[in-house]
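This is what each chain is made of:
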Amino acid sequence: QVQLVESGGGLVQAGGSLRLSCATSGRTFSSYGMGWFRQAPGKKREFVAGIRWNGDSTYYVDSVKGRFTISRDNAKNTVYLQMDSLKPEDTAVYYCAARSPGSSYYYTGSYNYWGQGTQVTVSS
């Protein structure tokens, strides 16, 4: 069992930055690929970024490439999402999730465990 707790969300002006953290419980964190997703009101939950268990590969949706950076610290059982040059369209609830081994990073169905989410609001 893996428990995930996101933090770091808030209100920021367009062009600003936020750093989300996802703290996990369990001794097997380092064996999981991890992902960040987001869900805006009235929209489906969408993939934002993913990272392999050892951090050697990362994946991003096109709309955040060059602005967001996913990273992890396996010693701290934590995954991060650094978000720079934020835009109003980035406004959403952001979720971290732990991925099932061997499955795609890009689909919600690939993830077994989810956090409760943290709100990110970008004002124009």
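As shown above, the structure is provided for reference.
Okay, so let's go over this structure. (Residues numbered from 1 in each chain as written. Predicted model: local features only at pLDDT ≥ 70, side-chain atom pairs only at ≥ 80, totals over all residues. Heavy atoms only, no water.)

1. Points about the overall build of the protein chain
Right, on to step 1. Looking only at helices and strands, the protein chain has zero helices and eleven strands in total.
Right, on to step 2. Ordered by position from N to C terminus, the α and β elements of the protein chain give β-β-β-β-β-β-β-β-β-β-β.
Right, on to step 3. Based on the C-alpha atoms only, the size of the protein chain along its principal axes is roughly 40 × 25 × 25 Å.
Right, on to step 4. Expressed as a percentage of the 124 residues in the protein chain, the buried residues total 44%.
Right, on to step 5. Across the protein chain, the fraction of contacts at a sequence separation of at least 24, relative to all contacts at a separation of at least 6, is 57%.
Right, on to step 6. As presented, the protein chain carries roughly 6300 Å² of accessible surface, and 47% of it is formed by carbon and sulfur atoms.
Right, on to step 7. Distance between charge centroids for the protein chain: 5 Å, based on 13 positive and 8 negative side chains. (Helix = DSSP H or I, 4+ residues; strand = E, 2+ residues; numbered from the N terminus. Buried < 20%, exposed > 50% of the residue type's maximum accessible area, 1.4 Å probe, protein only. Contact = heavy atoms within 4.5 Å. Areas by Shrake-Rupley, 256 points an atom, 1.4 Å probe, with all protein chains shown as cover. Lys, Arg positive; Asp, Glu negative; His and termini not counted. Charge placed at Lys NZ, Arg CZ, Asp CG, Glu CD.)

These figures capture arrangement, not role.
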